[in-house]
Amino acid sequence: MVYRIVVRKKDSRFDIGGIRVLGQIKELGIRSVSNVAFASVYYLDSDDMTLDDVKGMAGQLLVDTVTEDLDVEVYDVNKRPQAKAGECLLEVSLNHGVTDSTAWQVVKAVRQRGFNCKEAKLARFYTLTGQPTEEELNRIGIRILYNPVIEHIVQTGEEAFKEIVESEPVMEELPLPDMNDDELMALSKDRLWLNLIEMRKLKEYYTNLGRAATDVEIETLAQTWSEHCSHKVFRANIFVDGELQKPLIKRLKDLTYGLNKDWCWSVFVDDSGVIEFDSDWGVCFKVETHNKPSGIEPFGGAHTGIGGVIRDIMGTGLGAKPIANTNVLCFAPPDTPWEKLPPGLLHPKRVMRQVVAGIEDYGNKMGIPTINGSICFSERFTGLPLVYAGCVGIIEKSIVEKQPPQPGDRIILMGGLTGRDGIHGATFSSGELTKKSESVSAQSVQIGHPLVEKMVLDALADIRDERLFHAITDCGGGGLSSAIGEMGNPGGAFVDLSCIPKKYPLPFISDFWISESQERMIIAVPPENVKRVFELCKRHDVEVADIGEFTDNGRLVINFGEKQVADMDMDFLHNGCPKREFKLTNPPKPKVEEKFIEPPTGQKLVEMIHLTNSELNACSKENVARVYDHEVQARTVVKPFMGKLQRNPSDGAALKPIYDSPKGVIVANGINVRYGIEDPRKMARSVVDEAVRQIVAMGGSPEKIAILDNFSMPSPEIDKTVLDLHYAIVGLCEAAQYYQTPIISGKDSFYNQYNTGDGTLICVPPTLLVSSICVVDDVAELVTSCLSKTGSRVYLLGKTKEELEMSSYFVQTKQSGSAIPDPDLELNLKIYKAMHTAINQGLVLSAHDCSDGGLGTALSELVIGGEFGLEIDLAKVPYDGRTRNDFILFSESNGRIVVEVEEKDAANFEGIFKGLPCAQIGVVTAENRLKLTNGTENLVSIPGDELYAAWSGPISSII
């Protein structure tokens, strides 16, 4: 018997779901809808429950009887709810096979109460009051209410649950030896995403074997050879103006190995990088990209991006504990007009809301704080957002070293069930998005299940503590194909796919192997420990299966029961892909036209300060940060916003990983999506400098900072992409070498572009995210960005230059003709070392770095805290350039920190910085106001609340 349970608010004033949708409808310009009511709908399939049983259960589990009403009925597919006059009814349900974590929880809870419940399903029900046209209803549905990639509108006669008849999954044989080039590329298109040279190599391999390939084999090869898994561009031969360059990956590794920092415990060899925390513990850090899935289904893409990077931490060494999440997000402007969106794209505002919701849902449900991040905007993200998901973990020193599986170890799969979600996820990342992607690549999007991952995490902790396995890895891109294929290399592995627990019947044998269903881990367990592993998994209610064994014959052999479906040579699988080659030429640099506005004065300068502070890259991201739980686990010491009013934005975040130790960890990042458009090398140098500067401003030592790199680029088939990447890595290595910051982990992502179908490509800008991490001896000595004492002195460290090209100010005012910021690495390192000395001597009350928006935004953010004000004399700012107040205020030169020093400590502070650009530019005042002068000339006087309103407004209207 199927029951339909409807839960709705008693008082429409508290119907947040309906109010939010109504606001979004108005944003579309539709005025024919006057009200929206929202309800949650649950379907329950049980032959063991009566109507009264369901009502009683729902009253206990699904409804807040104080604020909500409950309706329960036996579901009749032919009797859908009927709309009253002047109403429209829409019910949105997940497509079959899409993970429904809420339904899973309902089934589990009902069974715990002693009832037999077969299935459950959750839907959303909307009642629209008004007379919208059919065209308006379609617009409301597609643009606001549901994503056809994973959802649909429920129709009359639709069964609540779809029954799939179990049948023997099939295997396809592909006659590669007989295929010509056109046939090879037809096979590759939208499935394998390999180029012609690579497809010919596969044909040659199977020709020599004298047989056809199975689809399981060809999918395994495609996944292993994908850009996502094998990093072909980073390993390629690259010629620039005829000169052979060192491979990109070798440059990064050589830099880190050359620095030879003894506090770097594990780099480039594991699922995350590990540095020393103390003599017994290490700190792990990893940042991943999940761009394309987030472009198709933003909630699921971001959701599983967080889930995947958490599993990277869980799969480090013999299992680390995740303790914090980070995220950096890049979107198109949320005010992009609908008419400017190419077909097939979700609106940037919807993408942003859903990405944030996905990150919030996964991290909060896992009980892991989200402590740090950034959000960037550019029109060039219209076709595809960038979603960087990061995770920090702690690990015992004794289990840091990655161990290989031993021959005879059983291959144990634990965690989520396997379905068709994520099919071709790894290979899909090697293709561009088009307007067909939502249908062609829909199955490449996974939906996560954070509660299952939390149970897996708890079970793994017990299994690890008893040392029951030799090796561990997560099932990420490529699913079991990647996890077992890489874990079993070079030794070998035998797998029986028929042993894999599944969500529902799968039509193809290859689905079992390449599915990227979430929350799954692989561990290599000695046979004598398998029984105990199963016992511990059962204790935590975690699915577990023995699906094969690791061997020493150098082959990957896969069966489905008694039927062999793949037999591959490990060496060819991992080393047979042809090496790529790029021959690049530097184009002439175009001259940038000087286009400046008249220097603003008086009220016009006030307007420019507000305009710059409200630029999307410079403005407050508080409304997003507040969505995430950054307090859970009680480890967060410096939070995203600090101060009495909790409004001061922090430069980074700090954790206290071990409760009874004073030591802490600072996490920060550097990114600028505008600079890379003009000069990728300077962009890379700038973002490294920013990531280091933020750590130093909080009290971290410049000599103990490690960094991660994450590159997101368009197609490498475009020469400019690889040339931009080359120069970005030149800049990254220059800065990392000079600052002595080892690169402990990283990730690259290509084909970040959207083909509109008319030959137009929307390519993301060359983007480098640099994440930084540093261990500090005592979290009590950390410095925040909160002004603390009236009368204290305000200093500016570093030199301000006329570097405003692509700045927040120039972007807002459409100016050009200045320079892209380029850090003076030698000078800045001296400043950072001196700053660390000053903090260690207790001379610094507060500090705040200058980045987006320059000095003007940095000063505004200090005043925005609400307790104090500033009086600043721009004439005292060390400056090199045309003497304009707006240029001094809004230059984005690197290496600058605004520092608050108590009056009695001013002489000692200045002594530390003797010979370096360090100037007292003002004082802290009791009045919450930003006052700017230039010598004796009064420029502006702006109340803190006025600054806060302009700075906080843009994002607060979205989230």
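Computed from a prediction, not measured in an experiment: that's the story for all the values here.

All right, on to the sheet that holds strand S31 (residues 705–712) then. Spatial ordering of the open sheet is given by S26-S29-S30-S35-S31-S32, a layout of six strands whose pairing is mixed. Strands with a single pairing partner mark the edges of an open sheet, and in this sheet they are strand S26 (636–638) and strand S32 (743–749). If you compare each strand with its neighbour and ignore which way they point, the axes differ by 20 degrees on average. When S31 meets S32, the two strands line up parallel, connected through six bridges. Within S32, the residue paired with Leu 708 across the bridge is Ser 745. Contacts from helix H23 (residues 680–698) reach S26, strand S29 (653–655), strand S30 (664–670), S31 and strand S35 (767–776), with the element oriented near 150 degrees to S30.

Attention now goes to the state of the cysteines. Enumeration over the complete set of coordinates arrives at zero disulfides. Distance from the sulfur of Cys 229, which forms no disulfide, to the nearest cysteine sulfur (Cys 577) is 11 Å. No disulfide involves Cys 391; its sulfur sits 8.7 Å from the nearest other cysteine sulfur, which is in Cys 284. With a relative accessible area of 0%, Cys 391 lands in the buried category.

Each aromatic ring pair is summarised here by two numbers: the centre-to-centre distance and the angle between the ring planes. Inspection of the entire model under this criterion finds 19 aromatic pairs. Between the aromatic rings of Phe 512 and Phe 560, the centroid separation amounts to 5.2 Å while the plane-to-plane angle is 65 degrees, which identifies the pairing as edge-to-face. Note that Phe 512 is positioned in helix H17 (residues 509–514) and Phe 560 in strand S23 (residues 555–560), a separation of 48 residues in sequence. Among the residues examined, Phe 512 registers a relative accessible area of 3% and is labelled buried. Taken together, the aromatic side chains of Phe 596, Tyr 809, Phe 810, Phe 887 and Phe 890 make up a single cluster linked through ring pairs. Across from the ring centre of Tyr 43, 5.5 Å away, lies the NZ or CZ of Lys 121, which sits over that ring.

Rules behind the numbers
Residues numbered from 1 in each chain as written. Predicted model: local features only at pLDDT ≥ 70, side-chain atom pairs only at ≥ 80, totals over all residues. Heavy atoms only, no water. Pairing = 2+ DSSP bridges. Helix = DSSP H or I, 4+ residues; strand = E, 2+ residues; numbered from the N terminus. Axes fitted to C-alpha atoms, helices over the stretch in contact; angles between N-to-C directions. Contact = heavy atoms within 4.5 Å. Disulfide = S-S within 2.5 Å. Buried < 20%, exposed > 50% of the residue type's maximum accessible area, 1.4 Å probe, protein only. Phe/Tyr/Trp six-rings, centres within 6.5 Å; stacked < 30°, edge-to-face > 60°. Lys NZ or Arg CZ within 6 Å of the ring centre and 35° of its normal.

Function cannot be read off these values alone, since they describe shape.
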